[in-house]
Amino acid sequence: MDSSSEFTHELDRDLAALEAKAADYAARHHRLATIAWPAGVRIAVNFTADFDAMLLRRVLNEPPQQLAKGEFGGRVGIWRLIELFDSHAIKATIFTPGRICELYPQAVKAAAKSGHEIADHMWEHQVPKDPVLERDHLRKAKDAIETLTGRRPVGTRSWHTRELLIEEGFVYNSHDSADALPHYVSGADGSGALINLPFHYAIDDAMFFSFAWLNSDNQAQRMMDPDHVEEIWWAAFQQQYAQGGYLNICMHPFVSGRALRIAMLDRLITRMKALPGVWFPTCEQVARHVVAAHPAS
Ligand SMILES: [Zn+2]
């Protein structure tokens, strides 16, 4: 075989592998072309906060100065976000690691008391590969949340396996960005479908405002003007509003809890609320609505 036919042969093999991958992906992802929202609703907007505080930085073994930035989220940022959402009568979803329930129990309780959904964000912001340990982590996180809030979480933002989440009574994950609308993810045979409420990194505060990891490259530094981010997110909202769609705004208390960003969110919410048909439910409300209106086939 000469080298050019070997190359063609290799391309054919690659193409076959890609086609198999695409078929597998299509079998596991079930798009909803449109969502039938409740009467009078044109768009559902989920405000979601990943209450990582210093935990993720600890997992990444970052130095003390960086841990302190995370702590701001638990001591100050989360309280500012709760106050902001309460002032607009918006119910947000706080994805909370189990360990954070131990570190900031008052904040978790206060958020739940205000009617915000407390959902799972893994025990220690990571999912163990060992299945026995994975289940143990998920149960510990569930128990920690239930102990503080009196409610078992039904949602997660995590890498937990879908089958385990369903077994443990979860109704949705909000982790993947495979679509703009809520959709189902299942096994390749269509079994074990679970709703995913997609977010996107373009609507994630950390992509715009995460600043100064020590030893990180210049291009990793992000310190954007909040006014500019407000316009980007407003344009994303308008695009989905026109389509009768969905927007999941992903925040972190240590990032969005900074004063100028709280002020920006306040302006953004005020603009959204001025339009008719804007629904601000929790993720659980969206997931339960979609399951009822568009059952998994
Ligand atoms: Zn996180």
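Heads up: the structure comes first, above all this text.
Keep in mind it's a predicted model, so treat the numbers as computed, not measured.

(A) Representation of the overall build of the protein chain. The helix and strand tally for the protein chain stands at 12 helices and 10 strands. On C-alpha atoms alone, the protein chain measures out to a radius of gyration of 20 Å, which is about the 19 Å that the 2.2 N^0.38 rule sets for 297 residues. When its C-alpha atoms are laid out on the principal axes, the protein chain stretches across 70 × 50 × 40 Å. For the protein chain, the proportion of its 297 residues judged to be buried stands at 48%. Contacts in the protein chain between residues far apart in sequence, at least 24 positions, make up 74% of those at least 6 positions apart. Just so you have it, the protein chain exposes about 14200 Å², and 56% of that area is on carbon and sulfur atoms. Each charge class in the protein chain can be summarised by its mean position, and for the 30 positive and 37 negative side chains these summaries are 8 Å apart.

(B) Summary view of the pairing of strand 3 (residues 93-96). Covered by surrounding structure in strand 3 are T93 and F95 together with I94 and T96, the residues of both alternating faces. Bridging between strand 2 (residues 43-50) and strand 3 involves three bridges; their strand directions are parallel. Bridging from a neighbouring strand, T48 pairs with T93 of strand 3.

(C) Summary view of the coordination of the zinc ion. Taken together, the protein donors to the zinc ion comprise D52 (OD), D52 (OD), H121 (NE2) and H125 (NE2), at separations of 2.0 to 2.4 Å. Geometry at the zinc ion is irregular, judged from the four donor atoms that bind it and their angles of 54 to 130 degrees at the metal. The sequence pattern formed by the donor residues of the zinc ion is D-x68-H-x3-H. Take H121 and H125: they sit in the same class, and that class is buried.

(D) Representation of the side chain of D52 within the structure. Locating D52 in the fold gives a position in the loop between strand 2 and helix 2 (55-59). Residues contacting D52, with those up to four places away along its chain left out, are P97, I100, H121, H125, H252 and F254.

(E) The arrangement of unusual backbone geometry in detail. Not every positive phi belongs to a glycine, and A89 is a case in point at roughly 55 degrees. Looking at the secondary structure, you find A89 in the loop between helix 3 (64-87) and strand 3. With relative accessibility at 64%, the residue A89 sits in the exposed group. Residues other than glycine seldom take positive phi values, yet H125 does so here, at roughly 60 degrees. Residue placement: H125 occurs in the loop between strand 4 (117-120) and helix 6 (131-149).

(F) Representation of the packing of aromatic side chains. Summed over the entire model, instances satisfying the criterion amount to 10 aromatic pairs. Between F51 and Y104, the ring centres sit 5.9 Å apart and the planes meet at 25 degrees, which makes this aromatic pair stacked. Here F51 is found in the loop between strand 2 and helix 2, whereas its partner Y104 is found in the loop between helix 4 (98-103) and helix 5 (105-113), with 53 residues between them in sequence. Comparing F51 with Y104 shows no difference in burial state: the two are buried. The structure contains a cluster of three or more aromatic residues connected by ring pairs, namely W37, Y246 and W279. Between R42 and the ring centre of Y241, over which it is positioned, the NZ or CZ distance is 4.9 Å. Here the guanidinium or amino end of R258 rests over the ring plane of F72, the centre of that ring lying 3.5 Å away.

(G) Spotlight on a negative patch on the surface. A cluster of acidic residues, E6, E10, D12 and D14, forms a negative patch on the protein surface. The residue E10 is located in helix 1 (residues 3-28) in this model. Assessed through its relative accessible area of 38%, E10 is described here as partly exposed.

Rules and cut-offs
Residues numbered from 1 in each chain as written. Predicted model: local features only at pLDDT ≥ 70, side-chain atom pairs only at ≥ 80, totals over all residues. Heavy atoms only, no water. Helix = DSSP H or I, 4+ residues; strand = E, 2+ residues; numbered from the N terminus. Rg over C-alpha atoms; globule rule 2.2 N^0.38 Å. Buried < 20%, exposed > 50% of the residue type's maximum accessible area, 1.4 Å probe, protein only. Contact = heavy atoms within 4.5 Å. Areas by Shrake-Rupley, 256 points an atom, 1.4 Å probe, with all protein chains shown as cover. Lys, Arg positive; Asp, Glu negative; His and termini not counted. Charge placed at Lys NZ, Arg CZ, Asp CG, Glu CD. Pairing = 2+ DSSP bridges. Donors = N, O, S within 2.8 Å, 3.2 Å for Na, K, Ca; no water. Tetrahedral: all angles 85-135°; square planar, octahedral: opposite > 155°, others 65-115°. Phe/Tyr/Trp six-rings, centres within 6.5 Å; stacked < 30°, edge-to-face > 60°. Lys NZ or Arg CZ within 6 Å of the ring centre and 35° of its normal. Patch = residues over 30% accessible without salt bridge, like charges linked within 9 Å, V, L, I, M, F, W, Y side chains within 5 Å. Salt bridge = Lys/Arg side-chain N within 4 Å of Asp/Glu carboxyl O.

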